[in-house]
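A structural walkthrough
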Amino acid sequence: MNVKIQDDKKDKILNLDAHAHVYTLDVPMKGDRLYSPKEEAVPETYFSYLKDSALDGALLVQPSFFGTDNSYMLDVMTKAKKTQGAPTFYGVVVVDPDISMDEMRAMKAQGVIGVRLNLVERPLPEFSQPLWQSFLAAFLDLNWHLEVYIEAARLPEFAQMVPFAGNLVVDHFSLPTSPEQLSENLQQLLALEKFTDIFVKLSGAYRVFPQDSFEESAEKCTAYAGQLVELLGRDNLLWGSDWPWTRNDTGQSYSDCVRWGKVWLGEGFARFPQKLL
C-alpha cells in the first residue's frame, strides 16, 4: 500500500533515501572520533543524485565524527526548505540526554524526526538513570523514533535495557552474522512487545560483510532482505544509500545503491512510512 503524507496541501507519496550524510571538512570534529573523512559530502552533489534517481528527498543522519554538533546538517535542512525545487529533508540527530525540551522542539520544527545512538564498539549508556528515562520519554511527545547502530549480538540486550516504548529503527540490516542470528534477534525484540513498532534499514551492506566488495556484500544481503520482509513486513523496511559511504568506499556509485534497493524491495524500494514522520 502506498504511504501518503500531506505536503503543501497536496497528497504525495514520499520516496526517500532513508540513510545519508552531508558534511564539509570545515565543521569541527569531535576529539574521540574513530574516523576522519578525507573528502567532503556537499549537499549540491547529493541533490544531483536524488534528482537523477527520481527521489523526493532524504532522511539525513548526523555523522558520528561531528558528535552532538548537528548545526551543519540542520542548516542544510533549513536552507532546503527555503529553496524552491530542493529535495525534502528530514533529520536524525545525535544529542546528549540532558538536552532541553525547548531545543528538541526547535529541532522538530526544522524537520528532525529521530535521535541516533551509535553504540558500535561502545558500552551501553546508563539507561537506569533518571536523565535517560526522562530524555527517552520525551520522544513520545515529539513523535520521534530512536535509531540504534549496534552489533547484532548486542541488540537483544540493548532492547531489554533501553527504557523506550516508541518506534525503534535499527541500522544497516541489524548487522547480523548469520540468517539464524538475524531471525533470533528480531524475534526476541518482537517478543518484548515494548516498542510501538520496529523498523530496519536496508543500507550499508558492506558494513555487514566488510571483507567483500560492494556487489558481493549486496548480493549476500539479498537473502537478509527477504528474511526481513517475512519477519517485519515490507512497510517496516527502509532503503538507504548510506552515501557517501564513510569508511567503506568499496567502488560503488549512487546508482548502484538504487539498483540494489530495487532488487531488495522492488520498484517501490524508497517508499517511506508515514508513521515515522
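What you see is a predicted model; the values in this text were computed from it and never measured.

**Things to note about the overall build of the protein chain**
When you go through the protein chain residue by residue, the secondary structure sums to nine helices and 10 strands. Over its C-alpha trace the protein chain gives a radius of gyration of 18 Å, about what one expects of a compact globule, namely 19 Å for 277 residues. Projecting the C-alpha coordinates of the protein chain onto the three principal axes gives extents of approximately 45 × 45 × 40 Å. Across the 277 residues in the protein chain, those meeting the buried criterion constitute 55%. Put simply, 74% of the contacts in the protein chain that link residues at least 6 apart link residues at least 24 apart. Surface summary for the protein chain: the accessible area is close to 12,500 Å², and the carbon and sulfur share equals 49%.

**What about the environment of Glu216?**
Within the secondary structure, Glu216 is located in helix 8 (residues 214–232). Taking relative accessible area as the criterion, Glu216 reaches 44% and is therefore assigned partly exposed. For the pair Glu216 and Tyr206, spaced 10 residues apart in sequence, the C-alpha separation works out to 8.5 Å.

**Some details on helix 9 (residues 254–265)**
A rise of 1.5 Å per residue sets the reference length of helix 9, with its 12 residues, at 16 Å; its end C-alpha atoms lie 17 Å apart and thus fit the reference within 8%. Contacts from the buried residues of helix 9 go to strand 3 (16–20), helix 1 (43–52), strand 9 (197–202), helix 7 (205–208), helix 8 and strand 10 (237–239). Within two residues after helix 9, Gly266 carries a phi angle of roughly 85 degrees, on the positive side.

**Some thoughts on the nonpolar core**
Core analysis: the biggest nonpolar cluster contains 81 residues, and Tyr46, Leu60, Phe158, Phe173, Trp239 and Trp264 have the highest contact counts within it. Sort the elements by how many residues they give to this core and helix 8 lands first, with seven residues.

**What to know about the packing of aromatic side chains**
The tally for this structure, following the rule as stated, stands at 21 aromatic pairs. Geometrically, the ring pair formed by Phe135 and Phe139 is edge-to-face, given 5.0 Å between the ring centres and 80 degrees between the ring planes. Here Phe135 pairs with Phe139, and both are found in helix 4 (residues 130–142), just four residues apart, close to one helical turn. Aromatic side chains Trp239 and Tyr254 sit 6.4 Å apart centroid to centroid with 85 degrees between the ring planes, which places their arrangement in the edge-to-face category. Linking Trp239 in strand 10 with Tyr254 in helix 9, this pair joins segments that are 15 residues apart in sequence.

**Some details on the sheet that holds strand 5 (residues 88–93)**
Taking strand neighbours across the sheet as the criterion, the eight strands line up as 3-4-5-6-7-8-9-10 in an open arrangement whose pairing is parallel. Unpaired on one side and paired on the other, strand 3 and strand 10 mark the two borders of the sheet. This sheet shows a mean twist of 25 degrees between the axes of neighbouring strands, independent of strand direction. Where strand 6 (residues 112–118) meets strand 7 (residues 145–149), five bridges bridge the pair, whose relative direction is parallel. When the sheet's bridge partners are listed, Arg116 is paired in strand 7 with Glu147. Packed on one face of the sheet, helix 9 meets strand 3, strand 9 and strand 10 and runs near 155 degrees to strand 10.

**What about the packing of helix 6 (residues 179–192) against helix 8?**
Interaxial distance between helix 6 and helix 8 falls to 11 Å at its minimum, and their mutual angle equals 25 degrees. Considered as vectors, helix 6 and helix 8 are oriented roughly parallel to each other. Helix 8 is crossed by helix 6, and the crossing has right-handed handedness. In this structure, helix 6 uses Pro179, Leu182, Ser183, Leu186, Gln187 and Leu190 to contact helix 8, whose residues at the interface are Tyr224, Gln227, Leu228, Leu231 and Leu232. Per-class residue counts for the contact of helix 6 with helix 8 are eight nonpolar, three polar and no charged.

Reading the values: rules and limits
- Residues numbered from 1 in each chain as written.
- Predicted model: local features only at pLDDT ≥ 70, side-chain atom pairs only at ≥ 80, totals over all residues.
- Heavy atoms only, no water.
- Helix = DSSP H or I, 4+ residues; strand = E, 2+ residues; numbered from the N terminus.
- Rg over C-alpha atoms; globule rule 2.2 N^0.38 Å.
- Buried < 20%, exposed > 50% of the residue type's maximum accessible area, 1.4 Å probe, protein only.
- Contact = heavy atoms within 4.5 Å.
- Areas by Shrake-Rupley, 256 points an atom, 1.4 Å probe, with all protein chains shown as cover.
- Expected span 1.5 Å × (residues − 1).
- Core = buried A, V, L, I, M, F, W, Y, C linked by side-chain atoms within 4.5 Å.
- Phe/Tyr/Trp six-rings, centres within 6.5 Å; stacked < 30°, edge-to-face > 60°.
- Pairing = 2+ DSSP bridges.
- Axes fitted to C-alpha atoms, helices over the stretch in contact; angles between N-to-C directions.
- Parallel < 35°, antiparallel > 145°, perpendicular 65-115°, else oblique.
- Left-handed = near helix turned anticlockwise from the far one by under 90°.
- Nonpolar A, V, L, I, M, F, W, Y, C, P; charged D, E, K, R; others polar.

Everything listed is a geometric property; what it means functionally is a separate question.
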